[in-house]
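Here is what each chain is made of, one letter per residue.
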2 protein chains.
Amino acid sequence: MRILGVDPGLTRCGVGVVEGLPGRPCRLVAVGVIRTPPEDDIPDRLLAVEAGITEYLDRYRPEAVAVERVFSQHNVASVIGTAQAAAVAILGAARRGIPVHTYTPSEAKAAVTGSGTADKRQMTTMVTRLLRLAEPPKPADAADALALAICHVWRGGTKARLLAAGRRTTKGVRT
Amino acid sequence: MRILGVDPGLTRCGVGVVEGLPGRPCRLVAVGVIRTPPEDDIPDRLLAVEAGITEYLDRYRPEAVAVERVFSQHNVASVIGTAQAAAVAILGAARRGIPVHTYTPSEAKAAVTGSGTADKRQMTTMVTRLLRLAEPPKPADAADALALAICHVWRGGTKARLLAAGRRTTKGVRT
């Protein structure tokens, strides 16, 4: 499966596409960062994030999108911009009928490092190793986007199958 | 000028269109509330808000959109949904080239009641009176959306003209 991971942000929005199967190594398809100048107006910044996300969705045609879940416990000063960038990504995918899944930073960390409390350096090291890259993806937002995509391949794939199986056997039970 | 006011929210997003000129009474064009069920997934809720905003933008063709500014001081539990609904409204307008202005709740309150600390009841009373409505717009989100639109006609109109004049005479100076 081909997954787009999005680490949302207005100043830097990490985007990364990987291909893989649960329990098998993933392959890097594309990675990048959408940047918008903090001095620009919000409407222009949201349009720029949308243009970047649209390019990734239309060029790489992912089967699902994995977005980092925004918490109000995040840095309060940046939570609004993060939530708005996430909304742009979620809306772009939803408009195309692409399923969207959200993962907490801990879930993404645990998926690639085995620990939900791993630091940025450890995350980047593991993303580099798991995708067998010649050098670490930069900046950290790009590595985080790839970690979210890998997390979805490994966890989401299983979760989606369990959910589908659950729906078949126990209709109406929310899992 | 015809203005769409948006009081953003995922559960209830107030939308109101008024027509008027600075210093003159405004006329109600349309008012409503876009509701999305809290138990729905975020992608579906954002799509529903987008569909509602799109309908208002395309049917009433406002010259500008006035959106309540989201603060991180807001109720932290709801700030993410509010920020995301605001993003959907801002993006919809920006995509159509319609200027977006944001106003704080105090600015909208001061515009219609003369006091930035007016309560909901006072706001609704003044919106009803200013638009010469037979009965108060309900729920409060609808009245708030109309207050934002009136606020833009009265304040934003002036601000826009000052900005335009400033751009003509002092190019490059940010006002």
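Residues numbered from 1 in each chain as written. Chains lettered and ligands numbered in written order. Predicted model: local features only at pLDDT ≥ 70, side-chain atom pairs only at ≥ 80, totals over all residues. Heavy atoms only, no water.

- Naming follows an unreviewed UniProt entry, where chain A appears as Crossover junction endodeoxyribonuclease RuvC of Stackebrandtia albiflava.
- Listed in UniProt under the heading Catalytic activity (unreviewed entry), the comment for chain A reads: "Endonucleolytic cleavage at a junction such as a reciprocal single-stranded crossover between two homologous DNA duplexes (Holliday junction)."
- Quoted straight from UniProt, the Sequence similarities (unreviewed entry) entry for chain A says "Belongs to the RuvC family." (UniProt positions renumbered as here; feature names shortened; annotations may be inferred.)

### Here we look at the overall build of chain A
Point 1. Per the secondary structure count, chain A includes 5 helices and 5 strands.
Point 2. Along chain A, helices and strands appear, N-terminal first, in the series β-β-β-α-β-α-β-α-α-α.
Point 3. Counting every position in chain A, which comprises 175 residues, the buried fraction comes to 50%.
Point 4. Taking the intrachain contacts of chain A between residues at least 6 apart in sequence as the baseline, contacts between residues at least 24 apart amount to 63%.
Point 5. As presented, chain A carries roughly 8,400 Å² of accessible surface, and 53% of it is formed by carbon and sulfur atoms. (Helix = DSSP H or I, 4+ residues; strand = E, 2+ residues; numbered from the N terminus. Buried < 20%, exposed > 50% of the residue type's maximum accessible area, 1.4 Å probe, protein only. Contact = heavy atoms within 4.5 Å. Areas by Shrake-Rupley, 256 points an atom, 1.4 Å probe, with all protein chains shown as cover.)

### Brief notes about the relation of the copies chain A and chain B
Point 1. Overlaying chain A on chain B yields an RMSD of 0.0 Å, the required transformation being a rotation through 180 degrees with an accompanying axial translation of 0.0 Å. On this basis, the relationship between the two copies can be described by a two-fold rotation axis. Identified as the residue of chain A closest to the rotation axis by C-alpha distance is Gln84(A), at 2.5 Å.
Point 2. Comparing interface residues between copies, 100% of those in chain A also lie at the interface in chain B; the contact surface is shared. (Least-squares fit on C-alpha atoms with pLDDT ≥ 70 in both.)

### Looking at the sheet that holds strand S5 (residues 100–103) of chain B
All names here are of chain B.
Point 1. Spatially, the 5 strands line up as an open sheet ordered S3-S2-S1-S4-S5, and their pairing is mixed. One side of each edge strand has no neighbouring strand; the edge strands of this open sheet are strand S3 (27–35) and S5. Taken over all neighbouring pairs, the strand axes of this sheet differ in orientation by 20 degrees on average, direction set aside.
Point 2. Of the strand pairs in this sheet, strand S1 (residues 2–7) and strand S2 (residues 12–19) are connected by 6 bridges, and their pairing is antiparallel. (Pairing = 2+ DSSP bridges. Axes fitted to C-alpha atoms, helices over the stretch in contact; angles between N-to-C directions.)

### Focus on the nonpolar core
Point 1. Judged by nonpolar contacts, the single largest core of 60 residues is most densely connected at Val6(A), Ile53(A), Val6(B) and Ile53(B).
Point 2. Other than its neighbours up to four places away in sequence, Val6(A) contacts Cys13(A), Gly14(A), Val15(A), Ile53(A), Val65(A), Ala66(A), Val67(A), Glu68(A), Ala89(A), Ala145(A) and Leu148(A). (Core = buried A, V, L, I, M, F, W, Y, C linked by side-chain atoms within 4.5 Å.)

### What to know about the pattern of salt bridges
All names here are of chain B.
Point 1. Within the structure shown, the criterion is met by 16 salt bridges over all chains.
Point 2. With its nearest N and O atoms 2.8 Å apart, the salt bridge here joins Glu19 to Arg27.
Point 3. Taking the relative accessible area as the measure of exposure, Glu19 reaches 25% and is therefore partly exposed.
Point 4. We classify Arg27 as partly exposed; its relative accessible area is 44%. (Salt bridge = Lys/Arg side-chain N within 4 Å of Asp/Glu carboxyl O.)

### Side note on unusual backbone geometry
Point 1. The step from Lys138(A) to Pro139(A) runs through a cis peptide bond, and the omega angle for that step is -10 degrees.
Point 2. On the secondary structure map, Pro139(A) appears in the loop between helix H4 (120–130) and helix H5 (140–169).
Point 3. A positive phi angle, close to 40 degrees, is found at Arg61(B), a residue other than glycine.
Point 4. Mapped onto the secondary structure, Arg61(B) falls in the loop between helix H1 (42–60) and strand S4 (64–68).
Point 5. The phi angle at Arg132(B) is positive, at roughly 50 degrees, despite the residue not being glycine.
Point 6. Turning to its location among the elements, Arg132(B) is positioned in the loop between helix H4 (120–130) and helix H5 (140–169).

### Let's talk about the interface of chain A and chain B
How big an interface is tends to be expressed through the accessible area that disappears when the partners come together.
Point 1. Contacts between the two partners involve 23 residues from chain A and, on the opposite side, 23 residues from chain B.
Point 2. For the interface between chain A and chain B, the tally reads 2 salt bridges.
Point 3. One salt bridge connects Glu50(A) with Arg95(B), and the closest N-O pair in it is separated by 2.8 Å.
Point 4. Elements with a minimum of two residues in the side of chain A that touches chain B: helix H1 (42–60) and helix H2 (76–95) of chain A.
Point 5. At 12 residues, the largest contribution of residues to the side of chain A that touches chain B is made by H2(A).
Point 6. A class-by-class count of the residues in the side of chain A that touches chain B yields 17 nonpolar, 2 polar and 4 charged. (Nonpolar A, V, L, I, M, F, W, Y, C, P; charged D, E, K, R; others polar.)

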